[in-house]
Amino acid sequence: MFQYIIISFLSLVLSLGIGLPVFAAEPKVETPSTAIVIFGATGDLTAKKLAPALYHLAIDGKLAEKTAIVGIGRRDYSSEEFRKQLHDAIQINSRTKSVDDAFWNHFQNKISYQRLDFDRDEGYEQLSEDLKKQNNRVYYLATQPSYFPQIVQKLSEHGLIKDPDRDKEWSRIVIEKPFGSDLDSAIALQKQLSEYLDESQIYRIDHFLGKEGIQNLISFRFEDSLFEPLWNNRYIDHVQITLSEDIGIGTRANFWEETGLLRDLFQNHLMQILALVAMEPPSTLQASDVHAAKIKLLNAIQPFNLKEVDQLAISGQYDSGNVKGIQVSGYRQEKGVPADSLVETFAAAKLSIDNERWKGVPFYLRAGKRLPAKTTEIAVVFKGKDGKENGHTLFIRIQPDAGIFLRKFAKNADDPRPLIRLDAPSKKPPVEAYEKLLADCIQGNASLFVQADEQIASWRLWTPLIDHWQSHPPQAFPNYKAGTWGPKASEELVHWEILEISKS
Ligand SMILES: NC(=O)c1ccc[n+]([C@@H]2O[C@H](COP(=O)([O-])OP(=O)(O)OC[C@H]3O[C@@H](n4cnc5c(N)ncnc54)[C@H](OP(=O)(O)O)[C@@H]3O)[C@@H](O)[C@H]2O)c1
């Protein structure tokens, strides 16, 4: 059965290539006069991600001609100074590292700047005047999350948010991560936002979901259904998801000391990937059906039994070591980190999903800083003969160099295992995640955004572990050398599989 399906699948992909995805938009809305209002437009996220994304959407003809871009910050910029700042940021950070001057001269007329203090009414009054011509609004909150409730409240009080039940025009609020820092704070934040917004107006961004590799995964699972008969506990031994970074924490000691790895990478990116790998195929690829399938899966993940949690979840912190030939310091020696810090920079966990499809199939998740390579990949390990492990391994590489590969089973343990690429590599450079997600938001397609109940289900799973680690501080930190794949206990959890090409 397995061999037959592989052969059929290979012949299909060789003839067609895996088609481009993906989740469908809810009924599309024409956007004749849309304002994209960025709160926090003088900040780092705007310079690195949002400005390049908007520029590329515009130059690729994906922004309506009447779009207005309004940047909001505290600094006393003129619109001209703000445009210059964006121009320079695009030149440095865009995927083409260049700005087409002829196009820019036209495009920059759409951009303006407004000085506004988040907590002061004058700015919102002015904004209300300025946005009179734009019926539809995207408010992008590129700010610290503590400001979200206040901004949303002020927007509402100043009549800047359309009512989805009454108005023909729409308002959408894009919210950056993190959405809460544990279960209670996520519930509280949601309560504050829902006083002023309908859930359909909130677009919680997880930029991983905009990556090309995630589009490939969605396409592979829900459009090319050849693997679907094998996608269950009869054929799959276990699943691994790795999100590794070779960099350390850089200059972000304060952020990292407050956050730690579980909060930064597990509860959002890894859980979203897990949901897409394991959920039932949604009845349609419209946002509401996709969310229904995801939340069902997330709710079927078994909570940790805290009595045996030390066998199921491993934490780590990097020591000094050698990453790609360069000697680097340990976490506790990074600038701004206390010498006795107990914050984790690595985590691995074994999860069980209590449903018919996945009963008995462990899902192993790991993520860490200062590992040997930067990669995000899924390894689906199939059962071998007689139902034992050691069959074929399917790799779905999310980044870098998104691709789908099959590492074949070898009859003898020492024989090489051939690696076959199953998808047709894209000839075009990948579109940046923020471009994809901003375009989806403008079109009203929320299928790649995270709904409140998904976020809360994720915090419900991880908060007890965060609390447990806080009340049972690790004795042996640091416990892995920079440039290795994490603590020994993680290797004892499972034999991790990695695509050879990621070791380069
Ligand atoms: N940076 C990234 O690559 C990145 C990646 C993923 C997620 N995020 C998330 O994105 C959000 C923004 O991050 P960031 O790195 O861009 O932050 P940032 O560089 O500190 O920028 C913060 C922005 O908010 C403005 N601001 C702060 N307080 C204000 C107030 N009271 N009134 C008006 N404006 C105010 C600042 O304006 P002034 O500078 O003019 O004072 C600035 O434009 C955070 O939630 C972060 O977690 C960032």
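Calculation rules
- Residues numbered from 1 in each chain as written.
- Predicted model: local features only at pLDDT ≥ 70, side-chain atom pairs only at ≥ 80, totals over all residues.
- Heavy atoms only, no water.
- Pairing = 2+ DSSP bridges.
- Helix = DSSP H or I, 4+ residues; strand = E, 2+ residues; numbered from the N terminus.
- Axes fitted to C-alpha atoms, helices over the stretch in contact; angles between N-to-C directions.
- Salt bridge = Lys/Arg side-chain N within 4 Å of Asp/Glu carboxyl O.
- Buried < 20%, exposed > 50% of the residue type's maximum accessible area, 1.4 Å probe, protein only.
- Expected span 1.5 Å × (residues − 1).
- Contact = heavy atoms within 4.5 Å.

1. Observations concerning the sheet that holds strand 12 (residues 346-351)
1) Next: The strand order 8-12-13-7-14-15-16-17 describes an open sheet built from eight strands, whose pairing is mixed. Whereas interior strands pair on both sides, the edge strands pair on one side only; in this sheet they are strand 8 (313-316) and strand 17 (419-421). Pairwise comparison of adjacent strand axes, ignoring direction, gives a mean angle of 15 degrees for this sheet.
2) Next: Sheet topology places strand 15 (residues 393-399) next to strand 16 (residues 403-407); five bridges connect them, and they run antiparallel.

2. A look at the pattern of salt bridges
1) Next: All chains considered together, the criterion is met by 26 salt bridges.
2) Next: In this structure, the salt-bridge partner of Lys84 is Asp88, at a minimum N-O distance of 2.7 Å. Taken together, the residues Lys84 and Asp88, both in helix 3 (residues 79-93) and four residues apart, mark about one turn of the helix.
3) Next: Its relative accessible area of 52% is what places Lys84 among the exposed residues.
4) Next: The shortest N-O distance in the salt bridge between Arg357 and Glu228 comes to 2.8 Å. Within this pair, whereas Arg357 is found in the loop between strand 12 and strand 13 (363-368), its partner Glu228 is found in the loop between helix 8 (212-222) and strand 7 (236-244), the two being separated by 129 residues in sequence.

3. Details of helix 10 (residues 287-300)
1) Next: If you check helix 10, its first and last C-alpha atoms are 20 Å apart, about what 14 residues at 1.5 Å a residue would give, namely 20 Å.
2) Next: The complete set of buried residues in helix 10 reads Ala287, Val290, His291, Ala293, Lys294, Ile295, Leu297, Leu298 and Ala300.
3) Next: Tucked inside the fold, the buried residues of helix 10 contact helix 9 (253-278) and helix 13 (452-471).

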